[in-house]
Amino acid sequence: MLYDALSGLEVSVERYGLERRELVVSGGLARVTTAVVLEGGGLRGHGEDVAYDPADQAGHPENLPLAGRWSFDELSRHLGGLDLFPLGPPRRPSARDYRRWAFEAAALDLALRQAGVSLGEALGLQYRPVRFVVSTRLAIEPWLAIDPELEFKLDPTPEWTAERMRALAATGRVRVLDLKGYHQGTEVDNPPDPELYRAVAEAFPEAILEDPAWTEATRAALAGHEPRIAWDAPIHSAADLDRLPFAPRALNIKPSRFGSARELFDCLDACRERRIACYGGGQFELGPGRAQIQALASLFYPDAPSDVAPGAYNEPEPRPGLPRSPLEPPADRSGFGFA
């Protein structure tokens, strides 16, 4: 089991700090995240809280009792018992998992660095070049003018016309279509539309169809396309695999959705056992979280169309000279990172 290879790592924590980050990304979205930095033995471990609502980036606890010498599993369990929202509950319940993951990732990074090993070495896995797609709600043509080989993950919306779908499909570069059927009360809500689902499935016969809302009407619209359907937002643990409408063929893995390292690695174990294909998902990380999802992609699903492009691809305007897919593993792979 993957987690067993990490649970006994020793980690010594002396103090921790918080670093707020902000950036206007593609689509004019003002993105805010918070980096968690654990320190011990002259080394630092990093994690990132990727909660989307800026209100849920406020009130990070500054005096958690984390100092001491722990096994990684002991520290993880300790974190699970702490109140990470001392000023009151978050606006979005998902923020609880995101904040805990920031501390878990920082603890794992520090434990690995103090042991002098990378995540790959601890798990007995090799880092491999990482294929990535660019996730955007803007026009892809400016990107293709710079790099015709780029691949994309796009969000179909009711504004997509048949003409627009034909033009996008004609590029041959769309790999994932995120229907966002499980988002509620967010900036990217996309209520289920059977006609849109049917049109998208037919216009892009080889693309992954991610997170359709599953109703009698949408099930009929996507009949025959089930092998291409992947799930993302509903997955927070291995147990969630058995709560899906049907046995999944593919999952989008976002570590922050799992909250704890145990839940993440137990789910990856279950995917290997059930032969479920995985690919990585991004969340507009502004700090260490981006390198960490790249590391996971490199170790577990390097050839999949993962939304783990370097952060510069989230900037409002395309520009030349950015790293191209696949990303080669860096020479320094220490800790839990890819940079």
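Worth saying up front: this structure is predicted, and the values here are computed from it rather than measured. (Residues numbered from 1 in each chain as written. Predicted model: local features only at pLDDT ≥ 70, side-chain atom pairs only at ≥ 80, totals over all residues. Heavy atoms only, no water.)

Account for the packing of helix H2 (residues 72-80) against helix H3 (residues 94-115), with residues named and values stated.
Two elements in contact, H2 and H3, have axes separated by 10 Å at closest approach and are oriented at 165 degrees. Between H2 and H3, the interaxial angle falls into the category roughly antiparallel. Crossing geometry of H2 relative to H3 is assigned as right-handed. Residues Phe72, Leu75, Ser76, Leu79 and Gly80 of H2 touch H3, and the partners they reach there are Arg100, Phe103, Glu104, Ala107 and Leu108. Considered class by class, the residues forming the contact of H2 with H3 number six nonpolar, two polar and two charged. (Axes fitted to C-alpha atoms, helices over the stretch in contact; angles between N-to-C directions. Helix = DSSP H or I, 4+ residues; strand = E, 2+ residues; numbered from the N terminus. Parallel < 35°, antiparallel > 145°, perpendicular 65-115°, else oblique. Left-handed = near helix turned anticlockwise from the far one by under 90°. Contact = heavy atoms within 4.5 Å. Nonpolar A, V, L, I, M, F, W, Y, C, P; charged D, E, K, R; others polar.)

Report on the nonpolar core, specifying residues and quantitative values.
One finds Leu38, Leu119 and Phe265 to be the most contacted residues of the largest nonpolar core, which totals 98 residues. Of the residues forming this core, the biggest block, twelve residues, is contributed by H3. Here leucine 119 is in contact with Leu6, Leu108, Leu112, Tyr127, Phe265, Leu296, Leu299, Gly335 and Phe336, once residues within four sequence places are set aside. (Core = buried A, V, L, I, M, F, W, Y, C linked by side-chain atoms within 4.5 Å. Buried < 20%, exposed > 50% of the residue type's maximum accessible area, 1.4 Å probe, protein only.)

Explain the pattern of salt bridges to me, and be specific about the residues and the numbers.
On inspection of all chains with the given rule, the structure shows 32 salt bridges. The residue glutamate 14 makes a salt bridge to arginine 15 at a minimum N-O spacing of 3.7 Å. One salt bridge in this structure joins arginine 272 and aspartate 269, with 3.3 Å as the shortest N-O distance. Of this pair, arginine 272 and aspartate 269 both sit in helix H9 (residues 261-274), three residues apart, roughly one helical turn. For arginine 272, a relative accessible area of 48% gives the class partly exposed. A single network of salt bridges, built from pairs that share partners, joins Arg137, Lys153, Asp155, Asp178, Lys180 and Glu210. (Salt bridge = Lys/Arg side-chain N within 4 Å of Asp/Glu carboxyl O.)

An account of the sheet that holds strand S2 (residues 15-24) is needed here, citing residue identities and associated values.
Ordered in space as S2-S3-S4, the three strands form an open sheet in which the pairing is antiparallel. Edge strands, defined here as strands with exactly one partner in the open sheet, are S2 and strand S4 (43-49). The mean angle between the axes of side-by-side strands here comes to 25 degrees, regardless of whether they run parallel or antiparallel. Inspection of the sheet shows S2 paired to strand S3 (residues 30-40) by ten bridges, in the antiparallel sense. Opposite leucine 23, over in S3, you have arginine 31 as the bridge partner. (Pairing = 2+ DSSP bridges.)

Quick one: what's the story with the sheet that holds strand S6 (residues 134-136), residue by residue and with numbers?
Taken in spatial order, the seven strands of this open sheet run S6-S7-S8-S9-S10-S11-S12, and their pairing is parallel. Looking along the sheet, the strands with just one partner apiece sit at the ends: S6 and strand S12 (277-280). With strand direction ignored, the average angle separating the axes of adjacent strands in the sheet is 30 degrees. Pairing of S6 with strand S7 (residues 152-154), which is carried by three bridges, proceeds in the parallel orientation. Its bridge partner lying in S7, valine 134 is registered against phenylalanine 152.

Which residues make up unusual backbone geometry, and what are the values?
Residue proline 326 is reached from serine 325 by a cis peptide bond, and omega for that bond is 0 degrees. The phi dihedral of aspartate 211 falls on the positive side, at around 50 degrees, and the residue is not glycine. Note that aspartate 211 resides in the loop between strand S9 (208-210) and helix H8 (216-221). The class for aspartate 211 is buried, based on a relative accessible area of 0%. At phenylalanine 284, a position not held by glycine, the phi torsion is positive, near 55 degrees. One can find phenylalanine 284 in the loop between S12 and helix H10 (288-300).

Residues and numbers for the pairing of strand S11 (residues 250-253), please.
Burial along S11 is two-sided: Ala250 and Asn252 and Leu251 and Ile253, pointing in opposite directions, are all buried. Direction of pairing for strand S10 (residues 229-231) relative to S11: parallel, over a ladder of two bridges. When the sheet's bridge partners are listed, alanine 230 is paired in S11 with alanine 250. In the classification by handedness, the crossover that spans S11, the intervening H9 and the parallel S12 is right-handed. (Right-handed = clockwise from strand over helix to strand, strands pointing away.)

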